[in-house]
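# Close look at the chain arrangement
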Amino acid sequence: GEQVQWDVEADVVVLGSGGAALIAALSAHHHGAADVVILEKSGMVGGTTAMSGGMLWIPLNHHQDEHGIDDSFEEVVNYLDAMAPERLDPDCVSGFLEGGPEMVRFIADHTPVRLRLFTGFPDYQPNLIGAKAHGGRSLDPEAYPFEELGAWASRVNPPKTGLPKLTSRMEDYYGEVGDEQLEERRAHDYRGQGQALIGGLLKAVVDRNIPIHFETRGRHLVRDGERIVGVVAEQNGRSIRYRARKG
């Protein structure tokens, strides 16, 4: 393998700070990685997730049972295959369908993020085989009070619309939130959609004291045979070599 003089050593190094990255960092820490470090190329947390509507499409999630929605591995595979004929990677699909529901449960159990099943929200191609025309696979984050983040609130990437929404997508659609409640939310800096998803995940990251190294861009991965053992990153024009002991 490459002989590298490491500048920083950690059990797990995570590149980026969008939704997937923050969940990866939290999961690694929860499952025994003592040292986890997040590298973010910008000065803000959240990537494009923070700018998005924040909804997740995760079939077979545990909320389906609560709503009495029948779904199966076979139905989802049929739907995905109809969407992209002859293009599915079986390992990827299996990983997604097994890991997705585990991730939803992990978010519920170990972060302040609250996902609701978006009732009535159909799959994008509701007429295809295996589709859920009346919803069940789409999850919507509830609005999150950014006052809980303290100074970290100003570190979250702003939404594309400029001002954050005070409501979730589902609340918007069904008109669930009245003026009085909106005022209450405004007072506590509630933010919905992608902001809510990142805000809640960031709170969990901060509570676990997982460091985020800002203005640090991953440049290339360091290999030892087939194994990735680290990453060379750039920060303020200089190279920093991060060792990842466990990944």
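Bear in mind the structure is a predicted one, so any value in this text is a computation, not a measurement.

## So, the overall build of the protein chain
- Within the protein chain, the secondary structure is distributed over 7 helices and 12 strands.
- In summary, the protein chain has a C-alpha radius of gyration of 20 Å against a globular reference of 18 Å for 247 residues, a match within 12%.
- Viewed in the frame of its principal axes, the protein chain has a C-alpha envelope of about 55 × 50 × 30 Å.
- Classification of the 247 residues of the protein chain by burial places 44% in the buried group.
- Sequence-distant contacts, at least 24 apart, represent 71% of the contacts inside the protein chain between residues at least 6 apart.
- Approximately 13,100 Å² of the protein chain is accessible, and the part contributed by carbon and sulfur atoms is 47%.
- Measuring between centres, the 25 positive side-chain charges of the protein chain sit 7 Å from its 37 negative side-chain charges.

## Digging into the sheet that holds strand E1 (residues 8-10)
- If you walk across this open sheet you meet the 4 strands as E1-E12-E11-E10, and the pairing is mixed. Of all strands in the sheet, those bounded by a partner on one side alone are E1 and strand E10 (216-224). The average undirected angle you get between the axes of adjacent strands in this sheet is 25°.
- When strand E11 (residues 227-235) meets strand E12 (residues 238-244), the two strands line up antiparallel, connected through 6 bridges. Within E12, the position partnered with Gly 230 by the bridge is Arg 243.

## Let's talk about the packing of helix H3 (residues 73-83) against helix H4 (residues 90-110)
- Axis separation between H3 and H4 bottoms out at 11 Å; the angle between their running directions is 130°. As the angle between them shows, H3 and H4 are arranged oblique. Considering the relative orientation of H3 and H4, their crossing is right-handed. Between H3, through Phe 73, Val 76, Val 77 and Leu 80, and H4, the contact on the second element is made entirely by Val 93, Ser 94 and Leu 97.
- Residues of the contact of H3 with H4, tallied by class, amount to 6 nonpolar, 1 polar and no charged.

Thresholds applied
Residues numbered from 1 in each chain as written. Predicted model: local features only at pLDDT ≥ 70, side-chain atom pairs only at ≥ 80, totals over all residues. Heavy atoms only, no water. Helix = DSSP H or I, 4+ residues; strand = E, 2+ residues; numbered from the N terminus. Rg over C-alpha atoms; globule rule 2.2 N^0.38 Å. Buried < 20%, exposed > 50% of the residue type's maximum accessible area, 1.4 Å probe, protein only. Contact = heavy atoms within 4.5 Å. Areas by Shrake-Rupley, 256 points an atom, 1.4 Å probe, with all protein chains shown as cover. Lys, Arg positive; Asp, Glu negative; His and termini not counted. Charge placed at Lys NZ, Arg CZ, Asp CG, Glu CD. Pairing = 2+ DSSP bridges. Axes fitted to C-alpha atoms, helices over the stretch in contact; angles between N-to-C directions. Parallel < 35°, antiparallel > 145°, perpendicular 65-115°, else oblique. Left-handed = near helix turned anticlockwise from the far one by under 90°. Nonpolar A, V, L, I, M, F, W, Y, C, P; charged D, E, K, R; others polar.

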